[in-house]
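# Descriptive structure summary
Here's the letter readout for the chains.
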Amino acid sequence: MLNFTIGPVMSSEAVRAIGAEQVPYFRTAEFSRVMLENERLFKLFAHAEENARVCFMTGSGTASMEAAVINVFTEKDKVLVIDGGSFGHRFVELLEIHDIPHSVIKPEFGCGVTAEQLNEYDGKGYTGFLVNLDETSIGVLYDIKLISDFCKRNGIFLVVDSISSFLCDPFDMKQLGVQVMITGSQKALACPPGISIIVLSEKAVERVYSNKPKAMYLDLKSALTNGERGQTPFTPAVGTLLQINQRLREIEAAGGVDSEVARIGGLAEYFRKQIELNKLPFKIVSNSLPNAVTPLSPTNGVSANDIFITLKDEYAIWICPNGGELKDAVFRVGHIGALEKKDYDTLINALLDMQKRGLL
Ligand SMILES: *Cc1c(COP(=O)(O)O)cnc(C)c1O
């Protein structure tokens, strides 16, 4: 199997080896040490401030999106949210479910958010901002500097879903004034799904402690208190947390977050170049590309979903299909996980073979 989806993705051999072992009991000093090291490395890689804290939630990325929304915002807030695809829309739904007043900014398809769009909301009393830095569903990376400047000048509390951009695109939580950053285990962390991670600035920690909990399992106050001793309130996905530790240490040993961002960026660039050099009938449909993924649309009328099915069934290669109205129009190729340049050569050769067979 060769997996170019955007999660779950392929894991390193050492990460997979941990998955084959027995899962240890976790109320121990040994597990606490692992968790405290995980916290240290997430803070380091996110460029979080000294007093930032990290919560490890058992649940996919959406669990942490919901935890962030209900622990930092209340009915008294007024939140701006960017709805540029299915993940942005998920934030909108969360705000609706939890009765948090909000306004929605809808970028044009394939585009980021513009200064003009943001300027409209200057000085209008907004208190919170929610954005999926890489709107993975359509492969658009928003201009975080623009959003950060807007939030700084308006004193707005900025919450960023970095689930698919963490380790992929440059991100400095402290410099950007990001108060909450979310990521997940099955994207560039290249571990099995089941754990999502929330990095909170000192201000965010204060806000969590001053709000009343609205849920038990997603209560970040209890996650923070237990986390002080390297523990979680309930049984976490222990095995996945050990795999995350292995992976974080691998990244640190290979030069840290900047090296990982450069590695993933290099793969994205290589793949995009190969599409062009081989004159494959695809058009890139984003004008603000993230490093994690390339969204492509066939230019010859072939269904994007048929390409996904053929590659899966006949070549054992997985690309990422799109759903809904984009099903036949767009597919995505990921650049995260244990992938190398030669894996992209394999994919390109499969596509050229499909072309020879009249399937593309
Ligand atoms: C993958 C992803 C999520 C989380 O999805 P889950 O299936 O709940 O893990 C959220 N936001 C973005 C931008 C993502 O890429």
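Below is a short write-up of the structure. Along each chain, numbering runs from 1 in the same order as the chain's sequence is written. Whole-chain, interface and lining totals are the exception, using all residues; otherwise, since this is a predicted model, local features are given only for residues with pLDDT of at least 70 and side-chain atom pairs are given and counted only at 80 or more. Side-chain numbers here rest on the full set of heavy atoms in the structure, without hydrogens or water.

### Section: the pairing of strand β3 (residues 79-82)
- A 1.4 Å probe rolled over the protein chains alone gives each residue an accessible area, and that area as a share of the maximum for its type sets the label: buried under 20%, exposed over 50%, partly exposed in between. By definition, any uninterrupted DSSP run of H or I lasting at least four residues is a helix, any uninterrupted run of E lasting at least two residues is a strand, and each is numbered from the N terminus. Here β3 shows no split at all, with V79 and V81 on one side and L80 and I82 on the other all buried.
- Relative to strand β4 (residues 102-105), β3 runs parallel, the two sharing 4 bridges. Bridge pairing in β4 links V79 to H102.
- Chirality of the crossover, the property in question, places the unit of β3, helix α4 (residues 86-97) and β4 among those that are right-handed. For two strands to pair, DSSP has to find at least two bridges joining them. Handedness of a crossover: with both strands directed away from the viewer, a clockwise path from the first strand across the helix to the second marks it as right-handed.

### So, the sheet that holds strand β15 (residues 331-334)
- One open sheet holds the 4 strands; their spatial order is β11-β12-β15-β14, and the pairing between them is antiparallel. Two strands bound the open sheet, and with one partner strand each, they are β11 (282-284) and β14 (320-321).
- In the sheet, strand β12 (residues 293-298) pairs with β15 via 4 bridges, with the strands oriented antiparallel. Within β15, the residue paired with T294 across the bridge is V333.

### Here we look at the nonpolar core
- Ranked by size, the top nonpolar core spans 62 residues in total, and within it F42, F129, I147, L158, F171 and I197 carry the most contacts.
- In terms of residues, this core owes the most to one element, helix α2 (residues 29-46), which gives 6 residues.
- Those residues within four positions of F171 in sequence are excluded, and the remaining contacts are F45, A46, H47, L133, I144, V160, S162, L176, V178 and M181. For our purposes a nonpolar core is just a set of buried Ala, Val, Leu, Ile, Met, Phe, Trp, Tyr and Cys residues, chained together by side-chain atoms within 4.5 Å. Throughout, a residue-residue contact means that at least one pair of heavy atoms, one from each residue, lies within 4.5 Å.

### Regarding helix α13 (residues 341-356)
- For a helix, the expected span equals 1.5 Å multiplied by the number of residues minus one. Here α13 spans 23 Å end to end across 16 residues, near enough to the 22 Å set by a 1.5 Å rise per residue.
- Every buried residue of α13 is listed here: D343, Y344, L347, I348, A350, L351 and M354. Buried residues of α13, viewed axially, fall in a sector of 155°; they line one side.
- Backbone geometry just downstream of α13 places G358 in the positive-phi region, at approximately 80°. Throughout, the arc means the angular range of directions from the helix axis out to the C-beta atoms.

### Let's talk about the site of the ligand
- In the region of the ligand, 13 residues are neighbours, and S60, T62, T136, D161 and K187 sit closest.
- The contact in question runs from an oxygen atom of the ligand to an N or O atom on the side chain of T62, over 2.5 Å.
- The separation between an oxygen atom of the ligand and a polar side-chain atom of K187 is 2.7 Å.
- Each accessible area is a Shrake-Rupley result for a 1.4 Å probe, and residues are judged covered by the shown protein chains and nothing else. The protein chains hide 88% of the 380 Å² of surface that the ligand would expose on its own.
- Within the residue set of the shell around the ligand, elements represented by two or more residues are α3 (61-72) and α4.
- Counting residues per element, the shell around the ligand draws most heavily on α3, at 3 residues.
- Class assignment for the residues of the shell around the ligand results in 3 nonpolar, 6 polar and 4 charged. For each residue, the test is whether any non-hydrogen atom lies within 4 Å of the molecule or strand; if one does, the residue is near. Under the rule applied, a polar contact is a pair of N or O atoms within 3.5 Å (in protein, one hydrogen donor and one hydrogen acceptor; residues adjacent in sequence only if both atoms are side-chain atoms). As a working rule, the residues Ala, Val, Leu, Ile, Met, Phe, Trp, Tyr, Cys and Pro are called nonpolar, Asp, Glu, Lys and Arg charged, and the rest polar, with Gly in that last group.

### What to know about the packing of aromatic side chains
- Each pair of aromatic rings taken from Phe, Tyr and Trp, with Trp reduced to its six-membered ring, is defined by centres within 6.5 Å and is described as stacked if the planes are under 30 degrees apart, edge-to-face if over 60, and tilted in the remaining cases. Going through the model one piece at a time under the given rule, you end up with 11 aromatic pairs.
- A ring pair is formed by F4 and Y344, whose centres lie 4.9 Å apart and whose planes are at 55°; its orientation type is tilted. Here the residue F4 occupies a position in the loop between β1 (2-3) and α1 (13-19), and Y344 occupies one in helix α13, the gap between them amounting to 340 residues.
- One aromatic cluster in this structure is built from F4, F271 and Y344.
- When the NZ atom of lysine or the CZ atom of arginine is within 6 Å of a ring's centre and also within 35 degrees of its normal, the charge is said to sit over that ring. K78 extends its terminal NZ or CZ atom over the ring of Y126, reaching a point 4.5 Å from the ring centre.

### A few points about the pairing of strand β10 (residues 195-200)
- The element β10 is largely enclosed, with a buried count of 6 among its 6 residues.
- Residue alternation in β10 divides its side chains into two sets, I195, I197 and V199 and S196, I198 and L200, and both sets are buried.
- With 6 bridges joining them, strand β2 (residues 53-58) and β10 adopt antiparallel strand pairing. Bridge pairing in β10 places V54 opposite V199.
- The pairing of strand β9 (residues 180-184) with β10 spans 5 bridges and is antiparallel.

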